[in-house]
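Analysis of the macromolecular model
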Amino acid sequence: MPDAGVTEWMYRCLFRIRLFEERIKQLAADKAVPGYLHTYIGSEAIAVGVMAALRQDDWITSTYRSHGHAIAKNVDLFSIAAEIYGRVPGVCKGRGGSMHISDFDKGMLGAFGIVAAGPPVALGAAVQERRRGSDRIAASFFGDGAVHNGVFHEAAGLATHWNAPLLLVCENNGYAEATATDWHLNTENVAQMMGAYAMPAQTVDGMDMFTVYEAASAAVARMRAGGGPELIEFVSYRFSGQFEGDRQDYQPAEEIAEASKRDPVLLARQRAAQMGLDEAALSQLVAEVQAEVDDAFTRAEQAEWPAPEAALDDVYVSYPKEQIDYA
Amino acid sequence: MPDAGVTEWMYRCLFRIRLFEERIKQLAADKAVPGYLHTYIGSEAIAVGVMAALRQDDWITSTYRSHGHAIAKNVDLFSIAAEIYGRVPGVCKGRGGSMHISDFDKGMLGAFGIVAAGPPVALGAAVQERRRGSDRIAASFFGDGAVHNGVFHEAAGLATHWNAPLLLVCENNGYAEATATDWHLNTENVAQMMGAYAMPAQTVDGMDMFTVYEAASAAVARMRAGGGPELIEFVSYRFSGQFEGDRQDYQPAEEIAEASKRDPVLLARQRAAQMGLDEAALSQLVAEVQAEVDDAFTRAEQAEWPAPEAALDDVYVSYPKEQIDYA
Amino acid sequence: MRELTVKDAINEALRETMRADPDVVLFGEDIAGGQGRDDYPGAMDAWGGPFGVTKGLCTEFGRDRVRDTTIAEAGFFGAAIGGAMVGMRPVCELMYADFAGVCFDQMMNQAAKMRYMFGGKQNVPMVMRTVVGGGFRAGAEHSQTLYSLFAHIPGLKVVAPYSAADAKGLLISAIRDDDPVVFFEHKRLYMQKEAVPEGAEAIPLGRGRRRREGGDVTVIAVQRMNLFAEQAAAELERDGIGVEIIDPRTYAPLDEEMILSSVKKTGRAVVVDESYPRCSLAADIAALIAEKGFADLRAPVLRVTAPHTPVPFSPPMEDYYLPSPERIARRVREAVEYGK
Amino acid sequence: MRELTVKDAINEALRETMRADPDVVLFGEDIAGGQGRDDYPGAMDAWGGPFGVTKGLCTEFGRDRVRDTTIAEAGFFGAAIGGAMVGMRPVCELMYADFAGVCFDQMMNQAAKMRYMFGGKQNVPMVMRTVVGGGFRAGAEHSQTLYSLFAHIPGLKVVAPYSAADAKGLLISAIRDDDPVVFFEHKRLYMQKEAVPEGAEAIPLGRGRRRREGGDVTVIAVQRMNLFAEQAAAELERDGIGVEIIDPRTYAPLDEEMILSSVKKTGRAVVVDESYPRCSLAADIAALIAEKGFADLRAPVLRVTAPHTPVPFSPPMEDYYLPSPERIARRVREAVEYGK
Ligand SMILES: Cc1ncc(C[n+]2csc(CCOP(=O)(O)OP(=O)(O)O)c2C)c(N)n1
Ligand SMILES: Cc1ncc(C[n+]2csc(CCOP(=O)(O)OP(=O)(O)O)c2C)c(N)n1
Ligand SMILES: [Mg+2]
Ligand SMILES: [Mg+2]
């Protein structure tokens, strides 16, 4: 079980993600922000539990569904909101947007728009850290749909081969876009697939952040001690659509209702007392987080727009400027 | 067990491949033919046994190591030899060469230079045949090294998903180029990997052509009756180098000696009597095949060279000629 | 004639060819949607792809012919190629052209080369449909055009329609064509309307469309750039500059004759392509003019393209990044004023 | 100065940079060879890649730094990218450029875009080494050049040396460079010799090399085409035609100044590239000249490229397919006679 400090961080983080994403849904409905928006609602416990088991200096890769991972990696809420708005103080200077929220300084290698692009990248970081003698590990977050992509298999095979400290975090949220996971998988679950790589793998509840934390901590401890890769499939549910605007016509109402009974926020609230957070403490924490989120968005909304010409920066470390700008 | 007719064809075919490839090795040593040459020596029983279990109108995909598959698919020896020489009567009109021996009219979809390119192509043919109500199946031949490539995994996953009549024939010949299979596999064998796709799979001796035939026949029968995909890993040995010119410095002498005791031709000879072929009949058959092979190469060597401008043909079914030729 | 959006025109082209030929089969991710929930009303065809282009086809033709796939592009593109050789006419959707890198080998080394490499005995009559283009605030991995990656490869045909009628007629040709065809759809054009003929009227590949007559400068515009070229031309006309706009529509083969004869008339050419500048269609067409139209040229062959950078997300940067009517007009004026 | 083959020059560049920097790590298939048989004498370094270019490096630096991989290009290229961001300087071998399609996403969407897309905080200092070129009777899937697929993508640097000294000096720069670099090696040039300086002398990326002075026509030759251009130039000289040969050596960035100043002098340009013609480097460079060098042009910008077909296997067809000194000479004469 996490100590008091970690526990409090986990609660804060869980609400940060949920309240942040609820604001995003509102902004999407109001068409107040540009671009595609993929919210993390339903999988918060995964990012929170795994990140609590990792150190700030461990590496992760994320996906187009990147808000939750970034928040749990302690990327400042304002810089995430500002990025989604496409403003200068955005974590990517407004060049990435919602699908690419990634802060290298906080241990994020990238947030990829290409399904399954992350695992090999995280693998490489894990290999380099180990060959240098560091005990940093790398965790790659990806969805249930990504396991059909060849790149995932290549990364898994090489990870075993190189005994790399790579934690493969599969977020099984029940759907890959408008396709049900129980239909797209050939196996009972994702964990069963890893026999192909002689890789330890397990399927774990992804709704309770403490269960996630326990499973991730055990794997991380093994890796810090020189162990190799492991896959953990965390089972959650995608309460929102694939992206904001998806009408979810294919998600049965009963299914959603059933899943809501184990909503990660609900479960966390139920365990709060047992974890040493009484009603008062919890509502105070939630109020603080709400204020934090409100402040982040208020400032983001007012943050300055990038200069058009900023589109020409940061392509290369060094390159003749006149061969970038053809205007 | 195959009937007498099939048995005789199998012996003929086995010797056709072996004697053909021995000639190729000679020509390579003499630098008498252009291009890369990958011989099939050591895996003949696989092509022979599988093709004996297939019908002429079933589809296959091959690789850069294509001679044996083409011969076993009853592609005329002369047209194969002529292709290797780059001559007009070559099966690909001299456009493909040794790595791309493929005769569509004989049921070959292609012989690919890209590792693991074949399985998805064979899969598509299998899907189309079944949706049309035909009982034709498709078999894809590939090596042990190919199982690490993502495309192989994507094809395997889709094959199960579509319950396609696809026979995945893994030729485990002990090496992927200069890399030993016992090193590159993460699992005991390739068959173990297929749990990831809930696909039936087995590891079978690939040196005895009748054992191969039995295993393949059972799988084919299942598929003709509406069954789905299956992988069979046939264990053989690569007696030649990866390609002609490879000095094989990494293949221990004892290992080669050990494997030679189960050379597919040796085993076939040992079983000849039991299969109803006495000494005389066998040596007569071998003599006939030798004559066939000699004749194929003699004619190929003398066959006409393509006109240089033939390089411009067959790119498209229809395209403006002046946009092909920029000379 | 009734007007249709580009999106509906494409849907109609698919529907009509599928009715006519049972071997036309669609592959793609959520091109129908709802797989695994067919018993739930509204699940099937919930999507029709992210833009709803194929919506309704699964309801009419069923899951055998409208195949939602797993996220395994190399696998299902390879399968489409294999199917195509034995009688299928697959239409494969790559959800965004930006994903080309995960299945490029199938298009470059298999679809494009098999007929040639194996001696001309087999064809690969498949279509790859894919979505391109910026201006959607979709960022660096959902906004690229990448036309030239495919136009570079012999064995592929390349189509990139601008208008609804062209989209329908050219897609019909692409599906009926016996060669592999890459068919680009621009996400910012899906809602553009045009009068579209009923029925399966094919528009032959390899013929451009002169969208505007003019005597001073020829503007060759790639796909969505026709919209901006039109706006620039209208403004320039007020200053008495006559712009002739040519939409090549297909890029392999390319209607060289239409381009060159227009340049013969105007003596000036500006090529507009929202792609990256290097080795792009813009460079390809400019090089064609510099070689075969040189004698007619009275000014340098100018290009309007994106800068040599990935596509930025933030609106002010993306608007600056994409060619604009203003930039096109500026280049046209440059061409006209050259040497004066 | 001692002479080295291109192959040995590349091996030396790798060896010297690996000695200087323990974070330089090689990935590739059988770049050493013998994995799984290290106990067997002669197994390690049995290959050094199919052309022996990396031979001996594993014996000196060990399996941790010279990593034979499985046939999983997308996997190990992705890993190289991840490693590069956290301190590694990976040099990844793609055995033949023809295989680019199986790992193109890693180069196009990750290596090339990450620095930009994520706001400039991280770099991807990796090198992709790969083998290109025809004339080896290797057929349609082991002979392509494919330079332009990579030159099209902003974020990548592209190098394609012709000579041994250039190969060594440019590879040293590529490995030390903080951006992703695609380094093309031509299989038909590996045995070409040139005097090569000892020690780690870097040649900066982005600077061309004038290989021959001449006043009548500028020939811009890509990689191996410098050999043929030289032969053509020698023949043309006998007829009093002075050919200036420029080897750009790197294509992103491109030494535009050297090309344009030469064209300013000669007024005529022929671009020679053995690649497919459409959207190729030849088209790119021709378009550059037609735009920025137009005022100097006295003749059309001509190109000598392969035809728009895959690479055929059979020698007579492949010899016809590849640009030849004769075809280059013919084009140069065309340029000289133009307008006369
Ligand atoms: C290679 C590739 N193919 C397709 C897509 C389009 N796409 C984006 S998200 C997605 C579904 C992914 O589902 P899953 O892996 O379960 O992740 P989730 O969105 O549920 O978190 C698809 C198909 C893509 N981005 N990349
Ligand atoms: C995608 C790809 N990567 C690398 C290669 C180079 N290559 C050709 S054969 C080969 C080894 C294949 O080994 P295996 O699959 O065991 O087949 P075998 O040659 O032993 O029959 C490799 C790496 C290739 N052709 N394609
Ligand atoms: Mg999912
Ligand atoms: Mg093998």
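This one's a predicted model, so the numbers in the text were calculated from it and none came from an experiment.

Scoring rules and cut-offs
- Residues numbered from 1 in each chain as written.
- Chains lettered and ligands numbered in written order.
- Predicted model: local features only at pLDDT ≥ 70, side-chain atom pairs only at ≥ 80, totals over all residues.
- Heavy atoms only, no water.
- Pairing = 2+ DSSP bridges.
- Helix = DSSP H or I, 4+ residues; strand = E, 2+ residues; numbered from the N terminus.
- Axes fitted to C-alpha atoms, helices over the stretch in contact; angles between N-to-C directions.
- Contact = heavy atoms within 4.5 Å.
- Buried area = accessible area lost by both parts, 1.4 Å probe.
- Salt bridge = Lys/Arg side-chain N within 4 Å of Asp/Glu carboxyl O.
- Polar contact = N/O pair within 3.5 Å; in protein donor to acceptor, adjacent residues only side chain to side chain.
- Nonpolar A, V, L, I, M, F, W, Y, C, P; charged D, E, K, R; others polar.
- Least-squares fit on C-alpha atoms with pLDDT ≥ 70 in both.
- Near = heavy atom within 4 Å.
- Areas by Shrake-Rupley, 256 points an atom, 1.4 Å probe, with all protein chains shown as cover.
- Expected span 1.5 Å × (residues − 1).
- Buried < 20%, exposed > 50% of the residue type's maximum accessible area, 1.4 Å probe, protein only.
- Donors = N, O, S within 2.8 Å, 3.2 Å for Na, K, Ca; no water.
- 1 Å grid on protein atoms, 1.4 Å probe; cavity = no way out; pocket = protein on both sides within 12 Å on 5 of 7 lines; lining within 4 Å.
- Points joined across faces, edges and corners; volume = space filled by probe spheres on them.
- Parallel < 35°, antiparallel > 145°, perpendicular 65-115°, else oblique.
- Left-handed = near helix turned anticlockwise from the far one by under 90°.

**Let's talk about the sheet that holds strand β12 (residues 250–252) of chain C**
Residues and elements named next belong to chain C. The seven strands are arranged β3-β2-β4-β5-β7-β6-β12 in an open sheet whose pairing can be described as mixed. One side of each edge strand has no neighbouring strand; the edge strands of this open sheet are β3 (66–68) and β12. The average undirected angle you get between the axes of adjacent strands in this sheet is 20°. Bridge analysis of strand β4 (residues 89–94) against strand β5 (residues 127–132) gives four bridges, and the strand direction is parallel. The residue of β5 that forms the bridge with cysteine 92 is methionine 128. The strands touched by helix α3 (residues 73–85) are β2 (24–28), β4 and β5; relative to β4, the strand with the most contacts, the crossing angle is about 165°.

**Side note on the interface of chain C and chain D**
Each side of the interface is counted separately: chain C has 55 residues, and chain D has 55 residues. Summing the contributions of chain C and of chain D, the shared interface buries around 4,800 Å²; its carbon and sulfur component is 61%. Glutamate 291 of chain C is the salt-bridge partner of arginine 331 of chain D, the closest N and O atoms lying 2.5 Å from each other. At the boundary of chain C with chain D, the tally comes to 26 residue pairs in polar contact (both at pLDDT 80 or more). Mapped onto the side of chain C that touches chain D, the elements with two or more residues apiece are α4 (104–111), α5 (114–117), α6 (147–151), β12, α10 (281–292) and β14 (302–304) of chain C. No other element matches the eight residues that α10 of chain C contributes to the side of chain C that touches chain D. Among the residues forming the side of chain C that touches chain D, the class breakdown is 34 nonpolar, 11 polar and 10 charged.

**Notes on the relation of the copies chain C and chain D**
At an RMSD of 0.0 Å, chain C and chain D line up after a rotation of 180° and a shift of 0.0 Å along the axis. Such values leave the two copies arranged in the relation of a two-fold axis.

**Some words on the site of ligand 2**
The environment of ligand 2 is formed by 19 residues, the closest being Tyr64, Arg65, Gly113 and Tyr175 of chain B together with Glu73 of chain D. Valine 115 of chain B has a polar backbone atom sitting 3.0 Å from a nitrogen atom of ligand 2. Taking tyrosine 175 of chain B, its main chain carries an N or O atom lying 2.9 Å from an oxygen atom of ligand 2. Protein chains shield 97% of the accessible area of ligand 2, which is 580 Å² for the free molecule. Here the residues of the shell around ligand 2 sort into nine nonpolar, five polar and five charged.

**Considering helix α6 (residues 150–161) of chain A**
An α-helical turn contains 3.6 residues, so a residue and the one three or four places further along point in the same direction. All names here are of chain A. With 12 residues, α6 extends 17 Å between its outermost C-alpha atoms, agreeing within 8% with the 16 Å of an ideal straight helix rising 1.5 Å per residue. Within α6, 12 of the 12 residues are buried, leaving the element largely enclosed by the surrounding structure. Taken residue by residue, α6 has Gly150, Val151, Phe152, His153, Glu154, Ala155, Ala156, Gly157, Leu158, Ala159, Thr160 and His161 as its buried positions. Positioned one or two residues after α6, asparagine 163 has a phi angle of 45°, which is positive.

**A closer look at the coordination of the magnesium ion (ligand 3)**
Residues and elements named next belong to chain A. Here the magnesium ion (ligand 3) is held by Asp144 (OD), Asn173 (OD1) and Tyr175 (O), and the distances to it run 2.0 to 2.2 Å. Donor residues for the magnesium ion (ligand 3) sit on one chain with the sequence pattern D-x28-N-x1-Y. In this pair, aspartate 144 sits in the loop between β3 (138–143) and α6 while asparagine 173 sits in the loop between β4 (166–172) and β5 (175–176), placing the two residues 29 residues apart along the sequence. On the accessibility criterion, aspartate 144 (1% relative accessible area) is buried.

**Re the sheet that holds strand β3 (residues 138–143) of chain B**
Residue and element names in this part refer to chain B. The six strands are arranged β2-β1-β3-β4-β8-β7 in an open sheet whose pairing can be described as parallel. Since the sheet does not close on itself, it has two edges, and those belong to β2 (108–112) and β7 (201–205), each with one partner. The average undirected angle you get between the axes of adjacent strands in this sheet is 20°. Two elements, β3 and strand β4 (residues 166–172), share six bridges in a ladder whose sense is parallel.

**Some thoughts on unusual backbone geometry**
All names here are of chain C. A cis geometry characterises the amide bond from alanine 252 onward to proline 253, with omega recorded as 0°. The residue proline 253 is located in the loop between β12 and α9 (256–266) in this model. Phi at arginine 249 is positive, roughly 65°, even though this residue is not glycine. Structurally, arginine 249 is set in the loop between β11 (243–247) and β12.

**Overview of the relation of the copies chain A and chain B**
Superposing chain A onto chain B requires a rotation of 180° together with a translation of 0.0 Å along the rotation axis, leaving an RMSD of 0.0 Å. When the interface residues of chain A are mapped onto chain B, 100% of them again fall at the interface, so both copies present the same face.

**Regarding the layout of surface pockets**
Residues and elements named next belong to chain B. Of the pockets and cavities examined, the largest pocket occupies roughly 530 Å³. Lys31, Gly35, Tyr36, Glu244 and Gly245 are, among the 17 residues lining the largest pocket, the residues nearest its centre. Residue composition of the lining of the largest pocket, grouped by class: 11 nonpolar, two polar and four charged.

**Observations regarding the coordination of the magnesium ion (ligand 4)**
Residues and elements named next belong to chain B. Looking at the magnesium ion (ligand 4), one finds its protein donor set to be Asp144 (OD), Asn173 (OD1) and Tyr175 (O), positioned 2.0 to 2.2 Å from the metal centre. Spacing between the donor residues of the magnesium ion (ligand 4) along the chain follows D-x28-N-x1-Y. By relative accessible area, which is 8% here, asparagine 173 ends up buried.

**What to know about the site of ligand 1**
Near ligand 1, the surroundings consist of 19 residues, among which Tyr64, Arg65, Gly113 and Tyr175 of chain A together with Glu73 of chain C are the closest. Surrounding ligand 1 is a set of residues that belongs to chains A and C. Within the side chain of arginine 65 of chain A, an N or O atom sits 2.9 Å from an oxygen atom of ligand 1. A breakdown of the residues in the shell around ligand 1 according to their chemical character gives nine nonpolar, five polar and five charged.

**So, the packing of α9 of chain C against α10 of chain C**
Residues and elements named next belong to chain C. For the pair α9 and α10, the least separation of the axes is 11 Å and the interaxial angle reads 60°. Between α9 and α10, the crossing angle belongs to the class labelled oblique. For α9 against α10, the interelement crossing comes out right-handed. Contact residues: Glu256, Ile259, Leu260 and Val263 in α9; Ile285, Leu288, Ile289 and Lys292 in α10. Here the residues of the contact of α9 with α10 sort into six nonpolar, no polar and two charged.

**Considering the packing of helix α5 (residues 118–131) of chain A against α6 of chain A**
Residue and element names in this part refer to chain A. The contact between α5 and α6 brings their axes to 8 Å, and the two run at 25°. For the element pair α5 / α6, the angle class is roughly parallel. In the packing of α5 onto α6, the handedness of the crossing is left-handed. Residues Pro119, Pro120 and Leu123 of α5 form the contact with α6, whose own contacting residues are Val151, Phe152, Ala155, Leu158 and Ala159. Within the contact of α5 with α6, the residues separate by chemical class into eight nonpolar, no polar and no charged.

**Quick notes on the pattern of salt bridges**
Any two side chains of opposite charge can pair, given that their charged atoms come close. Within this structure, the stated rule accounts for 124 salt bridges over all chains. Note that aspartate 57 of chain B is salt-bridged to arginine 55 of chain B, the shortest N-O span being 2.8 Å. What emerges from the salt-bridge pattern is a single network uniting Arg55, Asp57, Glu129, Arg132, Asp135 and Arg136 of chain A.

The quantities given are spatial measurements derived from coordinates; they are silent on function.
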